[in-house]
Amino acid sequence: MKSFSFMRLSLWVYLAIFFAYLLGPLVIMSATAFNSPSFPRMTPWECLTFEWFAALFRDERILNGIWNSILVGAGTVVLSVAMGLAGALMLTQIWPKLRATYYTIIIAPILIPGVVLGISTLVFWDRINRMLGLGADSWLSNGLFLTIIGQSTFIASYCMLVLVARLQRYDTALTEAALDLGATHAQAFRKVLLPFMRPAIASAAVLAFLASFENYNTTTFTFGEYPTLTIELAQKVRYGITPAISALAFIIVVLTVIAALANEASIRRKELVAAARQKATVEELESGRLRLPGFLSSNAAAVALVVVACATVAVVGTASVYSPAQCIADVQEQKRLETEQRIQELRRQRELRRQEQLEQQGSSPAPAPSAPATGGSSGFGGAFDPGNLSGGSDDSSSGN
């Protein structure tokens, strides 16, 4: 019994350390978005402020980077999901002896560093542009086009893995039955296979967008005149950051949490509805008097979603009426007073050291005058000493 309690306690300690290590930096960075100092820091805490959110929405470079990231992400999703679906279908229908080789070729871009992919994309399409005789401002040299192509080369492999996992559970007899009933291959794909693959396609699209949104290694060589959010953030970190970056991180974290809770609440809601229909009687189903569970009943994710949404609304409402001007003014005045006190203390210490030096000089005896240096004290045997130059001539004249 004691060993079981120890193992359980160890498990909870391990989970606490793991989540603290995983989520601690995000919590600290989110907290710095509400502190008034101009450099992101959590301690010492000065004033609660929402100024950095306003500064974020006034930063045109960040807003432009977000817009470019959304454009690149949308293009990457379309291209990567299409190539991933084609690769997944090909992998399930190819000759079994070639399947391992084909799988290795499709997965290879994941193993190649992003820097290599970015450089190769830039060089390859530049050569194609020159071969076609197009100018430097053609669409083949456009930053959006190059970034989408460069990111899709490896993100399509991720999408293919997601789609293959779903496609392995597909019963090919459904497609054969549709073809036997007179449907064409395109109709069987659109009406039978595509609805079955829709959840995997949605998951692959989300994965592709997130991978594109946070990509930096490949994008840094291809963005051209369209810097994405990661490029702008890297440049700001290089030249000095402000808590506006923390405000952006906090917004991204909140949106991610809301999306995750909404998805989990939706899944839980479908499970509860399916369980209620299974337990319902035939009369309730036919009469339509079946009472389905509410959105918040037995759904912890839905409750958490409502709590997060209410907290977000409360924060936004507080930000619209709260003014930290007086608090910031008080903090600046306190810093000014502390600086003056520190200066006065330094002056007092300097004056004390000076008085100690004067007392030491007054109490010590005066040093005796030193005798003039005799010959041999210099490198010329004392020939140029003042006494030798003047006294030597007088002695010679008196001797004569």
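Computed from a prediction, not measured in an experiment: that's the story for all the values here. (Residues numbered from 1 in each chain as written. Predicted model: local features only at pLDDT ≥ 70, side-chain atom pairs only at ≥ 80, totals over all residues. Heavy atoms only, no water.)

Student: What is the right way to read the overall build of the protein from this model?
Tutor: Looking only at helices and strands, the protein features 14 helices and zero strands. A buried classification covers 27% of the 400 residues belonging to the protein. Look at the contacts in the protein between residues 6 or more apart in sequence, and 67% of them connect residues 24 or more apart. (Helix = DSSP H or I, 4+ residues; strand = E, 2+ residues; numbered from the N terminus. Buried < 20%, exposed > 50% of the residue type's maximum accessible area, 1.4 Å probe, protein only. Contact = heavy atoms within 4.5 Å.)

Student: Quick question: what am I supposed to make of the state of the cysteines here?
Tutor: Joining two cysteines, a disulfide is a covalent bond between their sulfur atoms. Taken as a whole and assessed by the stated rule, the structure comprises one disulfide. Put simply, Cys47 and Cys327 are joined by a disulfide, and their sulfur atoms are 2.0 Å apart. With the S-S dihedral at roughly -90°, the linkage between Cys47 and Cys327 falls on the left-handed side. A residue pair is termed long-range when its members are at least 10 positions apart, and Cys47 in the loop between helix H1 (2–32) and helix H2 (51–58) and Cys327 in helix H13 (residues 325–363) qualify at 280 residues. With relative accessibility at 1%, the residue Cys47 sits in the buried group. (Disulfide = S-S within 2.5 Å.)

Student: Hey, could you run me through the packing of aromatic side chains in this one?
Tutor: Ring pairs (aromatic) are described by centroid distance and by the angle formed between their planes. Per the counting criterion, the structure on display carries 12 aromatic pairs. Ring centres of Phe34 and Phe53 lie 5.3 Å apart, and the angle between their planes is 50°; on these two criteria the pair is classed as tilted. With Phe34 in the loop between H1 and H2 and Phe53 in helix H2, the pair connects residues that are 19 residues apart, well separated along the chain. Phe53 matches Phe34 in its accessibility class, with the two residues each being buried. Feature note: the residues Phe34, Phe50, Phe53 and Phe250 constitute an aromatic cluster, connected by ring pairs. One cation-aromatic arrangement involves Arg166 over Phe196; the distance from NZ or CZ to the ring centre is 4.1 Å. (Phe/Tyr/Trp six-rings, centres within 6.5 Å; stacked < 30°, edge-to-face > 60°. Lys NZ or Arg CZ within 6 Å of the ring centre and 35° of its normal.)

Student: Explain a nonpolar patch on the surface here, please?
Tutor: There is a patch of nonpolar side chains on the surface, built from Leu11, Tyr14, Phe18, Phe19, Leu22, Leu23, Leu26 and Val27 and spanning about 770 Å² of accessible area. Take Phe18: it is sitting in helix H1. Residue class for Phe18 comes out partly exposed when judged on its relative accessible area of 36%. (Patch = residues over 30% accessible without salt bridge, like charges linked within 9 Å, V, L, I, M, F, W, Y side chains within 5 Å. Areas by Shrake-Rupley, 256 points an atom, 1.4 Å probe, with all protein chains shown as cover. Salt bridge = Lys/Arg side-chain N within 4 Å of Asp/Glu carboxyl O.)

Student: Can you walk me through the side chain of Ser152 in this structure?
Tutor: Considering the arrangement of structural elements, one finds Ser152 in helix H6 (residues 143–167). By relative accessible area, Ser152 is classed as buried at 1%. Among the polar contacts made by the side chain of Ser152, one reaches the main-chain carbonyl oxygen of Ile148 at a distance of 2.7 Å. Residue contacts for Ser152: discarding those within four places in its chain leaves Thr76, Leu79, Ser80 and Met83. (Polar contact = N/O pair within 3.5 Å; in protein donor to acceptor, adjacent residues only side chain to side chain.)

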